[in-house]
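Descriptive structure summary
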Number of protein chains: 2
Amino acid sequence: MKPIKAGLLGIGTVGAGTFQVLRRNQEEIRRRAGRGIEVSMVAARNLERARDIVLDAGAAGQCEVVNDPFAVVDNPDIDIVVELIGGYDLARELVLRAIANGKHVVTANKALLAQHGNEIFAAAQEKGVMVAFEAAVAGGIPIIKALREGLAANRIESVAGIINGTTNFILSEMRDKGLDFATVLKQAQELGYAEADPTFDIEGVDAAHKLTIMAAIAFGIPMQFGGAHVEGISRLQAVDIRYAEELGYRIKLLGITRRSSVDGGEGIELRVHPTLIPAARLIANVEGAMNAVLVKADAVGTTLYYGKGAGAEPTASSVIADLVDVTRSATVDPYSRVPHLAFHPSELADLPILPMDDISTSYYLRVHVQDQLGVMADLTRILAEAGISIDAVLQKQPGDKARTDIVIITHQTREKYVNAAILKIESLAAIVGQVVRIRLESLG
Amino acid sequence: MKPIKAGLLGIGTVGAGTFQVLRRNQEEIRRRAGRGIEVSMVAARNLERARDIVLDAGAAGQCEVVNDPFAVVDNPDIDIVVELIGGYDLARELVLRAIANGKHVVTANKALLAQHGNEIFAAAQEKGVMVAFEAAVAGGIPIIKALREGLAANRIESVAGIINGTTNFILSEMRDKGLDFATVLKQAQELGYAEADPTFDIEGVDAAHKLTIMAAIAFGIPMQFGGAHVEGISRLQAVDIRYAEELGYRIKLLGITRRSSVDGGEGIELRVHPTLIPAARLIANVEGAMNAVLVKADAVGTTLYYGKGAGAEPTASSVIADLVDVTRSATVDPYSRVPHLAFHPSELADLPILPMDDISTSYYLRVHVQDQLGVMADLTRILAEAGISIDAVLQKQPGDKARTDIVIITHQTREKYVNAAILKIESLAAIVGQVVRIRLESLG
């Protein structure tokens, strides 16, 4: 059987990794796929660097290197376009043009799918081509396949993941070394774990893109990135990591999506924020730049998937797994393929994304008080009046003896009740500054 | 599209779970598969119980209950046969007959596949039908799919798993409560975590069946259960669990399979035995009846898959995922399907399974000595002469002050060197009884 021909758009870190792994393991991959997979064309901004990579992999003469990405998507000899240039506008245009040309697409671009996925999948559906995206979420972990195929028997209840390695690295370092956010971020940048402009990572945007994709395939809903609550770790203080530790918790940046019932109606929680997790949970012990995704589903119960969430070869591993899948399914009638969003397009659900006021979880609240006399009574009264019950309390004197930190862990409640209670707490005369509020998930 | 029709052989725990989950989530599953999946026939030994299950699931009138399993495999209306009766002979006969009748097969029977898989897959290949077996390994964890498809880009280096919940439960209890094996086994039997005849679980046979299957799909080799080293936990002593803990390790029953080079040739390690693992590893913290599989592969690095390894609905989750896969692939030309053993049949490798003498790992050695004067010098001399270097030493007086336990952790070495050294150690006059030898994997 003739090899299938792929064209790469972009040959940066992931592109080069994909090229190299495909070459290195070409025999292994062919023995599995039953057919060779060949990269016969690469579009790159830096032609010289691209030619070096092709040369190093011993593929000179077999792979054309061009500047114009449209030359790849318009090339009639290319069966599969692998989009690895990232970003929104050009990537969208190229992917849509590849689809219009009847080509299958493999992409690692979570931003593109979270924002323009509905348009892209609709176009692919109409053309009868596949858009595969295992590499868009959690790097090398085959979580898309697990959610979409491995757990196909289940009604999925929730997905919670450490899906951004940069922030997990920063949080691990803050906890290990007791350093503050800014110091660790600087180190992470020096070590290459954080980018020069780290906004997308540290403010939770990258995690929210990935979460949006997982929510779509877990619940069979369209991509709704606009509905996601996105909160990063840049305002997280070392003192809260320490107090959480004393109370038996770790703080992680989690992406959480969950079926929820509010006032009788069903909706989907879709939120990224720092989260306290009991230290005994396996996922609380995922350290450094590693990723992990915890899935709860009605038949299987809890399953967890762990691995490298970024990097050239881990991401390439997922890109190539998609290439193998697409190679196998290329001759299959489109209706029999695994649907893009796990459920057939006509079977998607229109569950609303819940506003944050309506989510239910537990909370870590820290108040800084000037004079503690009577304050505890005020705090507990305000919480009791709001119908919020208390799970644990910690009282601390951090350095300055005139002031006291009071930490309260609540039981599960609705966010709007907590927010209302916080406003009342902040109006108390003894309170200094604002209440620190961090959400807590038991993940039990 | 008309529903696809499945016939169940056996409706015990997993069969009933499969029936119930298929009914409960029928809409969810149909929306994914694009086609309904209906169990239209069930063969059961106990007809009354089977009819109750069918009735409870609201399927009376839609599902025929029979005594004779051959009536299912010979029924021309059945598309997929789900074999859940377990055991070897009858299961083999039924599966082969189903295949001969042109039916696809889904099975949870690891014993059958480990022993007769090569014959069964060859027959299926010839007939152009599928034999799917996600439920045969690690219950609800989609590990077969991960190894066979999710990691298709990789040269897989090793697979190490906690793949027997009964033994992991027993080991967790022994460690937590400091109890001995026999006591905990009895409790496990009372709690339903261990069977009345627990031999297959506690002696490692069940784990070796599952490991044999994983080795086949990881490395593209035929099933070679006969080559597996199988060692259970029944002789494990509480004292070694305690000493391991002091040295920073947990003891788990691991199934390990790995590519290995010996004397210039390549081979496969295939072994189940109690294993020390550094306590900091995620997999060392998998407790109770849970399962986890750690995979190392060249591109993706280390990934881990965690979940329930047994039970009605977790296993049903995998059985039904297979039903969905088979439903989707039923119309696909056989060459384009995922090969049974991950690699196309003509592309299997003939790597030998290595004898235990040739495996390489680290060791925990415990010697009980009468008179410690000069013993340490003798021990270290014997190990040094065997070319075995020492990583850690622990000396303990357990109760009886006249006797001492000496524990040595070695660096990685070949098993035959360790065994030779142990013979020499046991011939020392000061040594009481035999040397306790437990293998150690750093899984780093």
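No experiment lies behind these values; they were computed from the predicted model shown.

Reading the values: the criteria
- Residues numbered from 1 in each chain as written.
- Chains lettered and ligands numbered in written order.
- Predicted model: local features only at pLDDT ≥ 70, side-chain atom pairs only at ≥ 80, totals over all residues.
- Heavy atoms only, no water.
- Phe/Tyr/Trp six-rings, centres within 6.5 Å; stacked < 30°, edge-to-face > 60°.
- Helix = DSSP H or I, 4+ residues; strand = E, 2+ residues; numbered from the N terminus.
- Buried < 20%, exposed > 50% of the residue type's maximum accessible area, 1.4 Å probe, protein only.
- Polar contact = N/O pair within 3.5 Å; in protein donor to acceptor, adjacent residues only side chain to side chain.
- Contact = heavy atoms within 4.5 Å.
- Pairing = 2+ DSSP bridges.
- Buried area = accessible area lost by both parts, 1.4 Å probe.
- Salt bridge = Lys/Arg side-chain N within 4 Å of Asp/Glu carboxyl O.
- Nonpolar A, V, L, I, M, F, W, Y, C, P; charged D, E, K, R; others polar.
- Least-squares fit on C-alpha atoms with pLDDT ≥ 70 in both.
- UniProt positions renumbered as here; feature names shortened; annotations may be inferred.
- Core = buried A, V, L, I, M, F, W, Y, C linked by side-chain atoms within 4.5 Å.
- 1 Å grid on protein atoms, 1.4 Å probe; cavity = no way out; pocket = protein on both sides within 12 Å on 5 of 7 lines; lining within 4 Å.
- Points joined across faces, edges and corners; volume = space filled by probe spheres on them.
- Domains from an automatic or database assignment.

1. Observations regarding the packing of aromatic side chains
Residues and elements named next belong to chain B. Counted by the stated rule, this structure contains 5 aromatic pairs over all chains. A centroid spacing of 4.2 Å and a plane angle of 25° characterise the contact between phenylalanine 169 and tyrosine 193, whose relative ring orientation is stacked. With phenylalanine 169 in helix α8 (residues 165–177) and tyrosine 193 in the loop between α9 (181–191) and α10 (199–202), this residue pair connects regions lying 24 residues apart in the sequence. Residue classification places tyrosine 193 among the partly exposed positions, given a relative accessible area of 39%.

2. Concerning the side chain of asparagine 164 of chain A
Residue and element names in this part refer to chain A. One can find asparagine 164 in the loop between β7 (156–162) and α8 (165–177). Take asparagine 164: its relative accessible area is 3%, and that puts it in the buried class. A distance of 3.3 Å separates the side chain of asparagine 164 from the backbone nitrogen of threonine 166, its partner in a polar contact. Of the polar contacts made by the side chain of asparagine 164, one reaches the side chain of threonine 167; its length is 2.8 Å. Non-local contacts of asparagine 164, meaning those with residues more than four positions away in its chain, are made with Asp201, Asp206, Ala207, Lys210 and Asn291.

3. Description of the environment of glutamate 426 of chain A
Residues and elements named next belong to chain A. With respect to the helices and strands, glutamate 426 occurs in helix α15 (residues 415–426). Spatially, the C-alpha atoms of glutamate 426 and leucine 379 are 10.0 Å apart, while their sequence positions differ by 47 residues. With near-sequence residues (within four places) excluded, glutamate 426 lies in contact with Ile431, Gly433, Gln434 and Val435.

4. A word on the sheet that holds strand β2 (residues 37–43) of chain A
Sheets are built from strands paired through backbone hydrogen bonds, the pairs being either parallel or antiparallel. Across the sheet, which stays open at both edges, the 6 strands sit in the order β3-β2-β1-β4-β5-β6 (chain A) with parallel pairing between neighbours. Among the strands making up the open sheet, the edge pair consists of β3 (64–66) and β6 (131–132) of chain A.

5. Details of the interface of chain B and chain A
Taken residue by residue, the interface counts 65 residues in chain B and 65 residues in chain A. Summing both sides of the interface, chain B and chain A together bury roughly 5,100 Å²; the carbon and sulfur share of this comes to 52%. Of all residues in chain B, Arg31, Arg32 and Leu282 of chain B bury the most surface against chain A, accounting for 15% of the area lost on that side. At the boundary of chain B with chain A, the tally comes to 8 salt bridges. Residues arginine 259 of chain A and glutamate 28 of chain B are paired through a salt bridge, measuring 3.4 Å at the closest nitrogen-oxygen approach. Put simply, chain B and chain A have 28 residue pairs in polar contact (both at pLDDT 80 or more) between them. Secondary structure elements with two or more residues in the side of chain B that touches chain A: α1 (13–24), α2 (26–33), α7 (143–150), α11 (205–219), β12 (301–308) and α13 (312–329) of chain B. Residue classes in the side of chain B that touches chain A are distributed as 32 nonpolar, 15 polar and 18 charged. Direction of pairing for strand β12 (residues 301–308) of chain A relative to β12 of chain B: antiparallel, over a ladder of 3 bridges. By the bridge assignment, tyrosine 306 of chain A is partnered in β12 of chain B with leucine 304 of chain B.

6. So, α2 of chain B
All buried positions along α2 of chain B are accounted for by Glu28, Ile29, Arg31, Arg32 and Ala33 of chain B. Backbone geometry just downstream of α2 of chain B places glycine 34 of chain B in the positive-phi region, at approximately 75°.

7. Some points on the relation of the copies chain B and chain A
Least-squares fitting of chain B to chain A yields an RMSD of 0.0 Å, with the transformation described by 0.0 Å of translation along the axis and a rotation of 180°. Here the symmetry operator amounts to a two-fold rotation axis. Relative to the rotation axis, the closest C-alpha in chain B is found at tyrosine 305 of chain B, a distance of 2.4 Å. Comparing interface residues between copies, 100% of those in chain B also sit at the interface in chain A, which points to an isologous, same-surface contact.

8. A short note on the UniProt feature "binding site: L-homoserine" (unreviewed entry) in chain A
Residue and element names in this part refer to chain A. Here, the residues flagged by UniProt with the feature "binding site: L-homoserine" (unreviewed entry) are Glu195. Relative to the helices and strands, glutamate 195 is located in the loop between α9 (181–191) and α10 (199–202). With relative accessibility at 53%, the residue glutamate 195 sits in the exposed group. Once you skip the residues sitting within four places of it in the chain, glutamate 195 turns out to touch Gln189 and Asp201.

9. Concerning the nonpolar core
By size, the foremost hydrophobic cluster in this structure holds 183 residues, and its most contacted members are Ile143 and Ile170 of chain A together with Ile143 and Ile170 of chain B. Ignoring anything within four residues of it in the chain, the contact list for isoleucine 170 of chain B reads Phe181, Val184, Leu185, Ala188, Ile202 and Ile233 of chain B.

10. Brief notes about empty space enclosed by the protein
Any empty space left between atoms is shown by rolling a water-sized probe over those atoms. If you walk through the whole model with that rule in mind, you get 6 cavities of 30 Å³ or more. Looking at the largest cavity, its volume works out to about 600 Å³. If you go around the largest cavity, you meet 36 residues; those closest to its centre are Glu149 and Val338 of chain A together with Glu149, Ser329 and Val338 of chain B. Broken down by secondary-structure element, the contributors of at least two residues to the lining of the largest cavity are β6, α7 (143–150) and α13 (312–329) of chain A together with β6 (131–132), α7 and α13 of chain B.

11. Quick notes on the domain arrangement of chain A
Assigned domains within chain A: domain 1 (4–132), domain 2 (143–308) and domain 3 (360–440). The distance between the C-alpha centroids of domain 1 of chain A and domain 3 of chain A comes to 53 Å.

12. Things to note about the pairing of strand β17 (residues 431–440) of chain B
Residues and elements named next belong to chain B. Judged from the 2 bridges that link them, strand β10 (residues 265–278) and β17 form a sheet pairing that is parallel. Paired with threonine 275 across the strands is arginine 439, a residue of β17. In this structure, strand β13 (residues 360–369) lies alongside β17, joined through 7 bridges in antiparallel fashion. Paired with serine 362 across the bridge in β17 is leucine 440.

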